[in-house]
Each structure stands twice: as C-alpha cells, then as structure tokens.
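Summary of structural features
The chain contents come next:
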Amino acid sequence: MSIWEYANPKKFMQTSAWALPWAVGLTVILLVVGLIWGFFFTPDDYKQGSTVKIIYLHVPSAMMAINAWVMMLVTSLIWIIRRHHVSALAAKAAAPVGLTFTLIALVTGALWGQPMWGTWWAWDPRLTSFLILTLFYFGYIALWAAIEDPDTAADLTSILCLVGSVFALLSRYAVNFWNQGLHQGASLSLDKEENVSDVFWVPLLVCIAGFILLFVTMVLLRTRTEIRARRLKALLARERVA
Amino acid sequence: MKALLLRDLRLAFRSGGGFGLGLAFFFLLSVLVPLGVGPEGSTLARIAPGILWVGALLACLLSLDRIFALDHEDGSLDLLATAPIPLEAVVAIKALAHWIVTGLPLTLIAPGLAIFLNLPPAGYPWLVLSLLLGTPALSIIGAFGAALTVGLRRGGLLLSLLVLPLYVPTLIFGGEVVRRGAENMALATPLALLAAISLGAAALLPFAAASAIRVNLR
C-alpha cells in the first residue's frame, strides 16, 4: 500500500467518492462554527472596533492562496517525475480555487485597509506580492486554457509552475527590499499570533481549518470533474472511431 | 553555434521591421510620457528611472514571439532540435541574438531618451550599466516564454501574460539602481542582485525553455 495507488484514476475516484461527503460536512461545520463564533461571539477590538472581524476571512484565504500554489508546485513535480495524470489534473483543478482565495484575500484586505489605514490600496510588500501572485495564477490558468492537447498542456503548465515558483519567491523578496529600501514600509503585520488574544485566536484557528478543508473539498470535486470530462472525451472519441 | 548566431542576427537585421520596431516603440514611449505627464522637470526626473525601465521592458516584449515562431513555422526549429548541438545551447544562442538585436540597442539609446525625461546627471552611467546587466535577463526570460507558447496560434497575448510577472524582480532591481544612482545613494545591493538575476536566468532557464520546446515539438 503506497500513496501512488491513488494515482490510479479508478482508485482515486473510489476513495474520493467516499471522502467527499465527509470533507463537505466537516467544511460546513467548521466554517459555520468558526465564522459565527468569530462574527458574533467575539468582542470588538479596542482600537479597530468590529473591523477586526474581517480577520476570520482574510487570514485563512491568504494562507490558502499561497498553499494552493505550493500544492500545484508539488503536483506539477509529481506529474513531471512520475507522469500520473491525476496529479496533473489536480494541479489544473487547484488553480482557479487558489486564484479565488487570492482575490478574496485582496478584496477583504482592501475592505479592512480602508477604515484602518485610510486607503484601499498601498504598495506595501505583502499587498504587492499578492498582486503578483494573482498575475501568476492568471498566466497559469490561461496557459492551460490555450493548449488543446491535454498532455502537452500538463507538461507546459508544470514547467511554468516550476519556473513561476522561483520567480514568485524572487518577487516576494524583491518587493520587500524595494519598500524597505527607500520608503517607510506601511506598518502591516499579519504575524499577529503573538499579540492576538485567545478570544480571537481560537475561532481564527477554526476558520483556518475550515478553509483548508474547503480547499480540499473543492479540489477533490474539481479533480473528479476533470477525470470525468477526460473519460467522456475518450468515450466520444471511441464512438467516433466505431 | 557561431553560424546559428550569425544566421539569427542576419535574419533579424534583414527582415525589416523587427529590428527597428522595439527601438521606435521605446522612443515613442519616452516622448509620449512627458506629453501626458506635463513638462515639469522635477516630476519627470522622479519618474524617469521607472519609465525608462518599463519602456525598455515593453520594447523587449514586442519582439519576443519572433524568437521561435518564425523558425517553428518554416520547420527549421525541428532541424535545430535534431542538430548535433544541444537544444539548450540553441535556446541560449537565440536569446543572445535577441539581446544583441533589442537589449543592446535599447541600452545604447537609453541615455539619449533620458534627456527627454530630465534624468538627473548622476543617473546616466547607472542607467546604462543597469540596462546592460538587466536586459540579458529580459531576453532569456522572454525566450522561455516564447518556448512555452511556440506551438500556439494566438500566442502573442498569452506570451505577455506569462512573461510580465516573470519580469517583476528584474524591473524592481533595475529601476532601483537607476533611482538610487540619480539620487547619489548606495546602490551596490540592487546592482548585485540585478546581475544575479541575469546570470541565474542565463544559467538555468535554457534548460526549462529547451524542455518546453521538446514538449511542443512532440
């Protein structure tokens, strides 16, 4: 029994069919509990008022935006090295989900930034690197959409994902350098783990777990759709030949 | 390899349009920006480093799809792929040819255009040096993007979408060198990082680009 068994589409479909209802159920429970707890049963921050509650959407989606790219990187590597189709399709399935999380993080960040810093947008290192991450997601998705042959598309997007990861990381630090080098960096700190009190921290943890499961659910669902689409295409092709 | 380089250069100079287009674009951009922003010298001096770098980057982008597309159309790319020299070397040579045809002339005319943009005098040597160090990275990253999209019908727009995010670090460090140079500040760090990006890209990206071409020719 090795994890590579799940690279078999049939095995993957079986296992994911079993796991999907559990994933959906847990996601719903965690998100409902976490968000309601966070929104209605935590006190307002003494400085930020009730805007602090945006944290329950903003932080988990930002984390998952980055983790989705990391997952795409890992699945791309598996595709390049071991050529498991499920892996390539999982990377394809994860990209739009990751893009959505990135956009959620940017929008909730803007909504939070407006009352707190008095601006929707600042060229702060974190904001800028998220904007660049959005561009990488767009490029990746567009390349998948542009190539017709599925194996060629999987190969080329995997290469793009590898190279893109290096440059995304470079950009992340380049932006950091640039902003600290010349301008006063906006005082944004997402590393609030030390100074946030347990009242906020526990529901935030629940929300983060909920977002992780949300991502898993969506990727499973979308990968299953992709596999079915692939099978349908094969069936149609077989019919045309017959 | 030398023959390939000479062939690419000859094609680029003779086919017309391709060679001058990037330079003309760079020139137009540098003239249009002051028209749009207004003639105040202090404003222009502040934005000059960024405008010049963005202009050089966009001018470079214009001719990227020509790196492999023409060879792909007439089948010579297949010949090059089966030739005795490795495909990685072909990519590197083609990127070098692209740089000689676009990056180098852009570097040479940039000081002239900087006059329009009222760049402070201290910035000129650093403008030339940063472009000289940075434009090879633009060419080699662009060659990678061109290799990814070589098999596509409408690859041009997609190519820009893929390549522009990859240009971000080069642009940031390049602009930073000129800005600091113009303001007489210490600039060793961004300059070293810019050179590092160029060298790193030149060392590693030919492999990625060559594997992309192999996939596309399959």
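Each chain has its residues counted from 1, running along the sequence as written. The naming scheme follows written order: chains are lettered A onward, ligands numbered 1 onward. This being a predicted model, a pLDDT of at least 70 is required before a residue's local features are given, and a value of 80 or more before pairs of side-chain atoms are given or counted; all residues contribute to the totals for chains, interfaces and linings.

**Some remarks on the overall build of chain A**
Within chain A, the regular secondary structure consists of six helices and zero strands. Secondary structure elements are defined from DSSP: runs of H or I of at least 4 residues count as helices, runs of E of at least 2 residues count as strands, and each element is numbered from the N terminus. The linear arrangement of helices and strands in chain A, starting from the amino end, is α-α-α-α-α-α. Put simply, a residue is buried when 20 or more other C-beta atoms lie within 10 Å of its own C-beta and exposed when 12 or fewer do; between those, it is partly exposed, and each C-beta is set from the backbone. Across the 242 residues that make up chain A, the buried fraction comes to 38%. For the purpose of contact definition, each residue receives a C-beta atom placed from its backbone, and two residues are in contact when these atoms lie within 7 Å. Sequence separation of at least 24 residues holds for 78% of the intrachain contacts in chain A that already meet a minimum separation of 6.

**As for the overall build of chain B**
Counting secondary structure elements, chain B contains nine helices and zero strands. The order of helices and strands in chain B, counted from the N terminus, is α-α-α-α-α-α-α-α-α. The globule rule used for comparison is 2.2 Å times the number of residues to the exponent 0.38, while the radius of gyration itself is calculated over C-alpha atoms. Rg of the C-alpha trace for chain B: 18 Å, near the compact-globule value of 17 Å for 218 residues, within the 12% margin. Expressed as lengths along the three principal axes of its C-alpha atoms, the size of chain B is roughly 55 × 35 × 30 Å. Counting across all 218 residues of chain B, residues that qualify as buried make up 51%. When contacts within chain B are restricted to residue pairs at least 6 apart in sequence, those whose partners lie at least 24 apart make up 81%.

**So, unusual backbone geometry**
Residue and element names in this part refer to chain B. At Asn 118, a residue that is not glycine, the phi angle is positive and equals roughly 60°. Counting through the fold element by element, Asn 118 comes out in the loop between α6 (87-116) and α7 (124-148). A positive phi angle, close to 55°, is found at Asn 184, a residue other than glycine. Looking at the secondary structure, you find Asn 184 in the loop between α8 (155-182) and α9 (188-217).

**Details of the environment of A:Val199**
All names here are of chain A. The residue Val 199 is located in helix α6 (residues 198-241) in this model. A count of 12 C-beta atoms within 10 Å places Val 199 in the exposed class. Counting along the chain gives 158 residues from Val 199 to Phe 41, while the straight-line C-alpha distance between them is 9.2 Å. Those residues within four positions of Val 199 in sequence are excluded, and the remaining contacts are Thr 42 and Pro 43.

**Describing the packing of helix α4 (residues 125-146) of chain A against α8(B)**
Note on method: axes are straight lines fitted to C-alpha atoms, helices fitted across the in-contact stretch only, with angles between N-to-C directions ranging 0 to 180 degrees. Interaxial distance between α4(A) and α8(B) falls to 9 Å at its minimum, and their mutual angle equals 150°. Here α4(A) is positioned roughly antiparallel relative to α8(B), judged by the angle of their axes. Judged by the sense of rotation from one axis to the other, the crossing of α4(A) with α8(B) is left-handed. Counting all contacts with α4(A), which are made through A:Ile132, A:Leu135, A:Phe136, A:Phe138, A:Gly139, A:Ala142, A:Leu143 and A:Ala146, the residues of α8(B) involved are B:Leu158, B:Leu161, B:Leu162, B:Leu164, B:Pro165 and B:Val168. Oblique is the label for every angle not falling under 35 degrees (roughly parallel), over 145 degrees (roughly antiparallel), or within 65 to 115 degrees (roughly perpendicular). Two helices cross in a left-handed way if the nearer one is turned anticlockwise from the farther one by less than a right angle. They cross in a right-handed way if the turn is clockwise.

**Brief notes about α9(B)**
What a helix should span is 1.5 Å times the count of its residues minus one. Taking 1.5 Å per residue, 30 residues should reach 44 Å; α9(B) reaches 43 Å between its end C-alpha atoms and fits that length. Two axes enter the bend calculation: one fitted to the seven residues ending at the residue in question, the other to the seven starting there, and the bend is the angle between them. At B:Leu204, α9(B) is deflected by roughly 40°, the largest bend along its length, and proline B:Pro206 occurs up to four residues later in sequence.

**Describing the nonpolar core**
Think of a nonpolar core as buried Ala, Val, Leu, Ile, Met, Phe, Trp, Tyr and Cys residues, each tied to the set through C-beta atoms within 7 Å. Counting residues in each nonpolar core, the largest one holds 131 residues, and the members touching the most others are B:Leu52 and B:Ala147. Not counting residues within four places of it along the chain, the set of residues in contact with B:Ala147 comprises B:Phe68, B:Val91, B:Ala209, B:Ala212 and B:Ile213.

**What about the interface of chain A and chain B?**
Contacts between chain A and chain B engage 22 residues on the former and 20 residues on the latter. Put simply, the parts of the chain that give the side of chain A that touches chain B at least two residues each are α4 and α5 (150-182) of chain A. At 13 residues, α5(A) tops the list of elements feeding residues into the side of chain A that touches chain B. Among the residues making up the side of chain A that touches chain B, the classes are represented as 17 nonpolar, four polar and one charged. For this classification, Asp, Glu, Lys and Arg are treated as charged, while Ala, Val, Leu, Ile, Met, Phe, Trp, Tyr, Cys and Pro are nonpolar and the rest, including Gly, are polar.

**Examining the confidence of the model for chain A**
Residue and element names in this part refer to chain A. For chain A, per-residue confidence averages 84 on the pLDDT scale, and residues scoring 70 or more make up 89% of the total. Residue-level confidence of the predictor is summarised by pLDDT, bounded by 0 at the bottom and 100 at the top. Highest mean pLDDT in chain A belongs to helix α2 (residues 55-82) (91); lowest belongs to α5 (82). Overall, residues 181-190 carries pLDDT values under 50, and its contacts beyond four positions in sequence, including any with other chains, amount to twelve contacts.

**Thoughts on the environment of B:Leu23**
Residue and element names in this part refer to chain B. By secondary structure assignment, the location of Leu 23 is in helix α2 (residues 18-37). C-beta crowding within 10 Å serves as the criterion here: with 18 such atoms nearby, Leu 23 is assigned to the partly exposed category. Considered as a pair, Leu 23 and Val 168 are 145 residues apart in the sequence and their alpha carbons are 21 Å apart. Setting aside anything within four residues of it in sequence, one finds Leu 23 in contact with Ala 59, Pro 105, Leu 106 and Ile 109.

**What about the environment of B:Leu64?**
All names here are of chain B. With respect to the helices, strands and loops of the structure, Leu 64 is situated in the loop between α3 (41-62) and α4 (69-73). Judged by local crowding, Leu 64 falls into the buried class, with 26 C-beta atoms found within 10 Å. Leave out the neighbours within four places in its chain, and Leu 64 touches Gly 142, Gly 145, Ala 146, Leu 159 and Val 163.

**Describing the packing of α2(A) against helix α3 (residues 85-117) of chain A**
All names here are of chain A. α3 packs onto α2 with a crossing angle of 160° between their chain directions and a minimal axis gap of 7 Å. When the interaxial angle is binned, α2 and α3 end up roughly antiparallel. Taken as a pair, α2 and α3 cross one another with a handedness that is left-handed. Among the residues making up the contact of α2 with α3, the classes are represented as 20 nonpolar, nine polar and no charged.

**Things to note about the confidence of the model for chain B**
All names here are of chain B. The pLDDT averaged across chain B works out to 88; a share of 98% of its residues lies at or above 70. Mean pLDDT values for the elements of chain B range from 79 in helix α1 (residues 2-14) up to 93 in α7. Note on the complex model: pTM 0.88, ipTM 0.86.

**Re α3(A)**
All names here are of chain A. For α3, which comprises 33 residues, the first-to-last C-alpha distance of 46 Å matches the rise-based estimate of 48 Å (1.5 Å per residue) to within 8%. Roughly 25° is the biggest bend found in α3, and it falls at Ala 95, with proline Pro 96 one to four residues downstream. Looking one or two residues past α3, Gly 118 carries a phi angle of roughly 75°, positive in sign.

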